[in-house]
Amino acid sequence: SPPVAETKGRGGGDGGGGDGEDGGKVLPRELRRGVVLTARVHPGESNSSWVMDGLLRYLLGPEAKPLRDQFVFKIVPMLNPEGGINGNY
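Caption draft 1: Inspection of the nonpolar core at higher detail. Leu37, Ala39, Met52, Leu59 and Ala64 form the largest nonpolar core, which has five residues in total. Excluding residues that lie within four positions of it along the chain, Ala39 makes contacts with Ser48, Met52, Val76, Pro77, Met78 and Leu79.

See below:
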């Protein structure tokens, strides 16, 4: 699968409103509600990296386009990278 950096802007609509490809409404970006997703708050929670990986793959796929048309996602895949790199728990 492609790296996340190559998927920027994929399928999110133009932000101008109107009907989506699947017939659902596409909200203008300024009217969309925000969703914040975080993982790895504590370095020992390595299983949350796998959950975030699966969530990102889902959100970037075609089946999540209705969600991307309705919400703005702010995603922090690892809140404490220094702790994970240094092996702290």
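Caption draft 2: Fine view of a nonpolar patch on the surface. Together, Val41, Val76 and Leu79 give the surface a local cluster of nonpolar side chains, amounting to about 210 Å² of exposed area. Mapped onto the elements, Val41 comes out in the loop between strand 1 (33-38) and helix 1 (47-60).

Caption draft 3: Focus on the environment of Arg33. As for its placement among the helices and strands, Arg33 is situated in strand 1. Given a relative accessible area of 65%, Arg33 falls into the exposed group. As for Arg33 and Gln70, which are separated by 37 residues in sequence, their C-alpha atoms are 7.3 Å apart. Here Arg33 is in contact with Gln70, Phe71 and Val72, once residues within four sequence places are set aside.

Caption draft 4: Broad picture of the environment of Gly83. Locating Gly83 in the fold gives a position in helix 3 (residues 81-86). With 41 residues separating them along the chain, Gly83 and His42 place their C-alpha atoms 7.6 Å apart. Residue contacts for Gly83: discarding those within four places in its chain leaves Pro43 and Asn88.

So, how was this worked out
- Residues numbered from 1 in each chain as written.
- Predicted model: local features only at pLDDT ≥ 70, side-chain atom pairs only at ≥ 80, totals over all residues.
- Heavy atoms only, no water.
- Core = buried A, V, L, I, M, F, W, Y, C linked by side-chain atoms within 4.5 Å.
- Buried < 20%, exposed > 50% of the residue type's maximum accessible area, 1.4 Å probe, protein only.
- Contact = heavy atoms within 4.5 Å.
- Patch = residues over 30% accessible without salt bridge, like charges linked within 9 Å, V, L, I, M, F, W, Y side chains within 5 Å.
- Areas by Shrake-Rupley, 256 points an atom, 1.4 Å probe, with all protein chains shown as cover.
- Salt bridge = Lys/Arg side-chain N within 4 Å of Asp/Glu carboxyl O.
- Helix = DSSP H or I, 4+ residues; strand = E, 2+ residues; numbered from the N terminus.

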